[in-house]
Amino acid sequence: MKNKGVIVYALGVGSGADRAELEEIASRIDYVSISPSFKDLLSISSAIRRLFCNVPTPAPPTTTPLPDPCTTEGCNAPYNVGCRVVNNKARCICPTCPTILKPVCASDDVQDLSECHLRQQACGMDIDVNVAKQAPCDKECHAVVDIAFIIDSSGSIGRTNWERMKRFIKALISKLDVSPSATHIAAVAYSTNPKVEMTFNNVQSTNEVVGKVGGMLWQRGFTYTDKALQLADSDLFSGF
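Note that the structure is predicted; figures quoted are calculated from it, not measured. (Residues numbered from 1 in each chain as written. Predicted model: local features only at pLDDT ≥ 70, side-chain atom pairs only at ≥ 80, totals over all residues. Heavy atoms only, no water.)

Let's talk about the packing of helix 5 (residues 159–174) against helix 6 (residues 206–214)
We apply this condition: Where helices are involved, their axes are fitted lines through C-alpha atoms of the stretch in contact, as for all axes, and angles between N-to-C directions lie from 0 to 180°. In DSSP terms, a helix is any run of H or I states spanning at least four residues, a strand is any run of E spanning at least two, and both are numbered starting from the N terminus. Here roughly perpendicular refers to angles of 65 to 115 degrees, roughly parallel to angles under 35, roughly antiparallel to angles over 145, and oblique to all remaining angles. Every residue pair with non-hydrogen atoms within 4.5 Å of one another is taken to be in contact. Nonpolar residues are Ala, Val, Leu, Ile, Met, Phe, Trp, Tyr, Cys and Pro. Charged residues are Asp, Glu, Lys and Arg, and all others, Gly as well, are polar.
At a closest axis distance of 10 Å, the pairing of helix 5 and helix 6 adopts a crossing angle of 170°. With respect to helix 6, the axis of helix 5 lies roughly antiparallel. Of the residues in helix 6, those in contact with Lys166, Ile169, Lys170, Ile173 and Ser174 of helix 5 are Thr206, Val209, Val210, Val213 and Gly214. Per-class residue counts for the contact of helix 5 with helix 6 are 5 nonpolar, 3 polar and 2 charged.

Comments concerning the state of the cysteines
Every disulfide links exactly two cysteines, by a covalent bond between their sulfur atoms. Under the convention used in this document: Count a disulfide wherever a pair of cysteine sulfur atoms falls within 2.5 Å. Each residue's exposure class comes from its accessible area (1.4 Å probe, protein chains only) as a fraction of the maximum for that residue type: buried when under 20%, exposed when over 50%, partly exposed otherwise.
All chains considered together, the criterion is met by 5 disulfides. Across the disulfide from Cys70 sits Cys83; the S-S distance is 2.0 Å. A torsion of -85° about the S-S bond marks the disulfide between Cys70 and Cys83 as left-handed. Of this pair, Cys70 sits in helix 3 (residues 69–72) while Cys83 sits in strand 3 (residues 82–86), and the two are 13 residues apart along the sequence. For Cys83, a relative accessible area of 27% translates into the label partly exposed. Across a sulfur-sulfur distance of 2.0 Å, Cys105 and Cys137 are joined as a disulfide pair. Linking Cys105 and Cys137, the disulfide has an S-S dihedral of approximately 100° and is accordingly described as right-handed. Note that Cys105 is positioned in strand 5 (residues 104–106) and Cys137 in the loop between strand 7 (131–133) and strand 8 (145–152), a separation of 32 residues in sequence. Residue classification places Cys105 among the buried residues on the basis of a relative accessible area of 5%. Numbered by position along the chain, the disulfide-linked cysteines of the chain connect as 1-3, 2-4, 5-9, 6-8, 7-10.

Description of the side chain of Ser35
What counts is decided by this rule: Pairing of N or O atoms within 3.5 Å defines a polar contact, subject to two protein rules: one partner must be a possible hydrogen donor and the other a possible acceptor, and residues neighboring in sequence count only if both atoms are side-chain atoms.
Examined against the element boundaries, Ser35 turns out to sit in strand 2 (residues 32–35). Here the side chain of Ser35 touches Ser37 through a polar contact of 2.6 Å, landing on its backbone oxygen. Apart from residues no more than four positions distant in its own chain, Ser35 is found in contact with Leu11, Gly12, Val13, Gly14, Asp40, Leu41 and Ile44.

Notes on unusual backbone geometry
One non-glycine residue with positive phi stands out, namely Tyr79, at about 65°. Phi is positive for Arg220, which is not a glycine, with a value near 65°. With respect to the helices, strands and loops of the structure, Arg220 is situated in the loop between helix 6 and helix 7 (225–236).

A closer look at the UniProt feature "domain: Kazal-like" (unreviewed entry) in the chain
What counts here: UniProt positions are given in the numbering used here, feature names are shortened, and annotations may be inferred rather than shown by experiment.
In this structure's numbering, the residues bearing the UniProt feature "domain: Kazal-like" (unreviewed entry) are residues 93–139. The distance from the first to the last C-alpha atom of residues 93–139 is 33 Å, and the span holds 23% helix and 19% strand.

Spelled out as structure tokens, the structure:
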């Protein structure tokens, strides 16, 4: 007990009490008391009580604070506005954007809803991207075509890769002429269960498609590609 910081007092009674043994038990020699008999115990109670009252107050345990991950690891994502600790790991704080539509064309060929949204995504994905043009991206293709994306949103993808995949899809779309008279876009995202995110008829512009893709949530779950293909066949291509 003594090696755990417990203060041990030893009390012997009668002529047979072994002082040497009691001193071995007690934390200190002066913490040993011997009463001549059980009748005499009360006569030494005040002396023992004083020992209790005079016990030095132990110093509070010293704890070494955990290092701040924001200090040791830091946050290096572009356009970050600060750092916060999540599960003892540094996480970048990315910009919050108002719902103001002012499209820009990014250096990775993505038409972002605004420069703030570009910065927000670059921060969240830790990618180097900047504004290539303070306007919508130039269209490279005006084909009349229906394009459907069937997108794996299962847990094995991971949150960061999910965001990267969405940006890849937006890069494919941004320079197409998405309009009622040209290119139409549809999408199914899937994991355990598939979900139609957009159909060919309900999205009619590049900005709308980019917004829909950006708003798709990571589903996690398992990978049931067959269900997604069946849903696309029945819901997206039923009239073909």
